[in-house]
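Here is how the chains run, residue by residue.
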Amino acid sequence: MSTIQIRQAVLADLDALSALFDGYRQFYQRDSDVAAAKQFLSDRFHHGESVVFIAHEGSEPVGFAQLYPSFSSVSLGRIFILNDLFVSESGRRKGVGAQLISASVDFAKTVGAIRLALSTASTNANAQALYEATGWERDDDVFYVYTIPNKNG
């Protein structure tokens, strides 16, 4: 039985992350484009724009979580947006998602963030169950989220 290992990703993980990230995008009905996924992640690494955790089962990469830094002006503190969480088919039902969330929460606490935030598709019941099981609280009473498409968004 292999154990799941979670660690903060480094640039050397780019190829493994790119394949996982491409799978994540396909989950959201985007066309496969590993080269574009790799470029996007490379840009985040090179500009220090995100923190990524990678999960391995043995030597196989099976999941990742990507956090984007932000701030709360009202609370005068740093927050992180858990923007991306994905577990490959082979890693599902093994606690990988929960461990990636735990690593993300621990990291945010370590750097003094006042909270983490995330959003997920209203139809993604599996993700919602995972988030609620790991202590996240859904806020559908206080704020409405609005978006406006810009360019290719």
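Residues numbered from 1 in each chain as written. Predicted model: local features only at pLDDT ≥ 70, side-chain atom pairs only at ≥ 80, totals over all residues. Heavy atoms only, no water.

**Here's the deal with the pairing of strand E2 (residues 51–57)**
Thinking step 1. Burial runs high along E2: 7 of the 7 residues are buried.
Thinking step 2. Side chains Val51, Phe53, Ala55 and Glu57 of E2 all project onto a buried face; the interleaved residues Val52, Ile54 and His56 project onto the opposite face, where all are buried too.
Thinking step 3. The sheet contact formed by strand E1 (residues 4–8) and E2 spans 5 bridges and is antiparallel. Paired with Arg7 across the bridge in E2 is Ile54. (Buried < 20%, exposed > 50% of the residue type's maximum accessible area, 1.4 Å probe, protein only. Helix = DSSP H or I, 4+ residues; strand = E, 2+ residues; numbered from the N terminus. Pairing = 2+ DSSP bridges.)

**Some thoughts on the sheet that holds strand E4 (residues 77–87)**
Thinking step 1. Pairing is mixed in the open sheet, where 5 strands are placed in the order E1-E2-E3-E4-E5. Edge positions in the sheet fall to E1 and strand E5 (115–117), since each of these pairs with one other strand and no more. The sheet shows a mean angle of 25° between the axes of neighbouring strands, direction not considered.
Thinking step 2. Both E2 and strand E3 (residues 60–72) contribute to a ladder of 7 bridges, which runs antiparallel. Among the inter-strand pairings, Phe53 is bridged to a residue of E3, identified as Ala65.
Thinking step 3. Contacts between helix H1 (residues 14–27) and the sheet are confined to E2, E3 and E4, with E3 contributing the most and set at about 75° to the helix. (Axes fitted to C-alpha atoms, helices over the stretch in contact; angles between N-to-C directions. Contact = heavy atoms within 4.5 Å.)

By themselves, these figures tell us nothing about what the structure is for.
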